[in-house]
Amino acid sequence: MPRPIVASIDRSALAHNLDRVRELAPGAFVWAVVKADAYGHGIAAAAQGFAAADGLALIEIGNAIRLRELGWKKPILLLEGCFSALDWHAAAEHRLNCVIHCDEQLSEFIATPLARRVDVHLKFNTGMNRLGFLPEHARELLERLAPYEGVGSITLMTHFACADEPGGIDEPLRRFQEATRGLPYARSLANSAACFDFTHLAAAAPSPAVGHPDSVRPGIMLYGATPFTHASRSAASLGLAPAMTLRSAIIGVQPLEPGARVGYGGGYTATRRERVGVVACGYADGYPRHAPSGTPVLVDGQRTRLVGRVSMDKITVDLTELPHAQVGTAVELWGKRLAVDEVANAAGTIGYELLTAVAARVPRDVV
Ligand SMILES: *Cc1c(COP(=O)(O)O)cnc(C)c1O
């Protein structure tokens, strides 16, 4: 028997969340973001769950090629573009749409003779200050890019730094608009948080490219976690369905006398007669090591709490009020009945990190 831990992936939840994007951004071209092995859900399951998306967007060229091998025929976008001439040839061969975000990338693209045209997303920095050209340089960049015979379609793109804050897209959008006004290209603007602002965005900045719908690039919301930090905007309140449930089981039980300590460093001390259960799930499975005592855990569907330190392969949970719990009792670390965002919040991180950190040794069970 394998260890009882498994991440079950619900394709119908992925499809449901994609429908939510369509409701929020009617008419938009939807790139479902599947970087980081589909936020930990597995690229193959994601391709099935997002069968109705217009395209898939990711960072890793190896997984992009794998998607082609799995039979994905619609567009694929490389969100950081290419890192070498070899990548450019592979992008042309596998019909990958590529971001170009810096001069070095643009020069290499123009200098590499390709067997087929490549569709390009020209990325602008509107205040995030990570990747992208200054929007003010849009026109001169397009004068270099547009005449090159290796370029197919061109899309103008930006990534918002603060789309999860009220009014957070207003200033970057204004900058983007001002620099690209009148340019006849399609645009790609919105991550998950901005999808929830899409009608505002579309009204404030109508697309200049007649016949080219705006595209959106939702990631986290498609997996049923919230892009927002404020508790009032939970995934459930946004109409999202959790796609991953991380399950395990109790593999040991210890009765504790008052004063007995639990785990490495004796991180928890019993204050009365207590019972702890040992769960087969630790930080080497992707459970956050910084989760403190008190982090919620479901045992047999009942909410209890983590006690003591998270170790590599195990956590310990309070079973004092769950006298029926025993070896073999089912545990949910997060998922359908316990939001990943709630666990993340207790551990001082975000749902994104927990989902993408689920380790390769945890089997994915796609349902
Ligand atoms: C990851 C990523 C997204 C998706 O962001 P979410 O917050 O998960 O919706 C969109 N665009 C780019 C460029 C990204 O790197």
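About the criteria used
- Residues numbered from 1 in each chain as written.
- Predicted model: local features only at pLDDT ≥ 70, side-chain atom pairs only at ≥ 80, totals over all residues.
- Heavy atoms only, no water.
- Near = heavy atom within 4 Å.
- Polar contact = N/O pair within 3.5 Å; in protein donor to acceptor, adjacent residues only side chain to side chain.
- Areas by Shrake-Rupley, 256 points an atom, 1.4 Å probe, with all protein chains shown as cover.
- Core = buried A, V, L, I, M, F, W, Y, C linked by side-chain atoms within 4.5 Å.
- Buried < 20%, exposed > 50% of the residue type's maximum accessible area, 1.4 Å probe, protein only.
- Domains from an automatic or database assignment.
- Contact = heavy atoms within 4.5 Å.
- Helix = DSSP H or I, 4+ residues; strand = E, 2+ residues; numbered from the N terminus.
- Buried area = accessible area lost by both parts, 1.4 Å probe.
- Salt bridge = Lys/Arg side-chain N within 4 Å of Asp/Glu carboxyl O.
- Nonpolar A, V, L, I, M, F, W, Y, C, P; charged D, E, K, R; others polar.
- Axes fitted to C-alpha atoms, helices over the stretch in contact; angles between N-to-C directions.
- Parallel < 35°, antiparallel > 145°, perpendicular 65-115°, else oblique.
- Left-handed = near helix turned anticlockwise from the far one by under 90°.

What to know about the site of the ligand
The environment of the ligand is formed by 13 residues, the closest being Lys35, Tyr39, Ser192, Ile220 and Tyr352. Measuring from an oxygen atom of the ligand, one finds a side-chain N or O atom of Lys35 at 2.7 Å. In this structure, an oxygen atom belonging to the ligand sits 2.8 Å away from a main-chain N or O atom of Gly219. A total of 390 Å² of accessible area belongs to the ligand in isolation, and the protein chains cover 92% of it.

Details of the nonpolar core
By size, the foremost hydrophobic cluster in this structure holds 115 residues, and its most contacted members are Val34, Phe50, Phe109, Tyr287 and Trp334. Split by domain, this core shows at least three residues from each of two domains, domain 1 (11-226) and domain 2 (244-366). If we ignore the near neighbours within four places in the chain, the residues touching Phe50 are Leu14, Leu18, Ala32, Val34, Leu56, Trp72, Leu222 and Tyr223.

Some points on the environment of Ala44
Topologically, Ala44 is positioned in helix 3 (residues 43-49). Exposure remark for Ala44: the relative accessible area of 27% places this residue in the partly exposed category. Expressed as a C-alpha distance, the spacing of Ala44 and Asp197, which sit 153 residues apart in the sequence, is 30 Å. Beyond its immediate sequence surroundings of up to four residues, Ala44 is in contact with Arg66 and Leu70.

Quick word on helix 5 (residues 85-93)
Of the residues making up helix 5, those classed as buried are Asp87, Trp88, Ala90, Ala91 and Ala92. If you follow the buried residues of helix 5, they end up packed against helix 4 (61-69), strand 5 (96-100), helix 6 (103-111) and strand 6 (118-124). Looking one or two residues beyond helix 5, the residue adopting positive phi is Arg95, at roughly 55°.

Regarding the side chain of Thr320
Within the secondary structure, Thr320 is located in the loop between strand 16 (315-318) and strand 17 (330-334). Of note is the side chain of Thr320, whose polar atom sits 3.3 Å from the backbone nitrogen of Arg275. Within polar-contact distance, the side chain of Thr320 engages the side chain of Asp318 at 2.6 Å.

Remarks on the domain arrangement of the protein
Splitting the protein by domain gives domain 1 (11-226) and domain 2 (244-366). Look at where the C-alpha atoms of domain 1 and domain 2 centre, and you get two points 37 Å apart. Each side of the interface is counted separately: domain 1 has twelve residues, and domain 2 has ten residues. Carbon and sulfur atoms supply 67% of the area that domain 1 and domain 2 bury against each other, a total of about 900 Å² over both sides. Put simply, domain 1 and domain 2 have zero salt bridges between them. Along the contact surface separating domain 1 from domain 2 lie two residue pairs in polar contact (both at pLDDT 80 or more). Residue composition of the side of domain 1 that touches domain 2, by class: seven nonpolar, four polar and one charged.

Some details on the packing of helix 6 against helix 7 (residues 138-145)
Between helix 6 and helix 7, the least distance of the axes is 11 Å, while the angle of their chain directions is 20°. In this view, helix 6 runs roughly parallel relative to helix 7, as classed from their interaxial angle. In this structure, the crossing between helix 6 and helix 7 has a hand that is left-handed. Facing helix 6, whose interface residues are Asp103, Leu106, Ser107, Phe109 and Ile110, helix 7 presents Leu141, Arg144 and Leu145. Partitioning the contact of helix 6 with helix 7 into residue classes produces five nonpolar, one polar and two charged.

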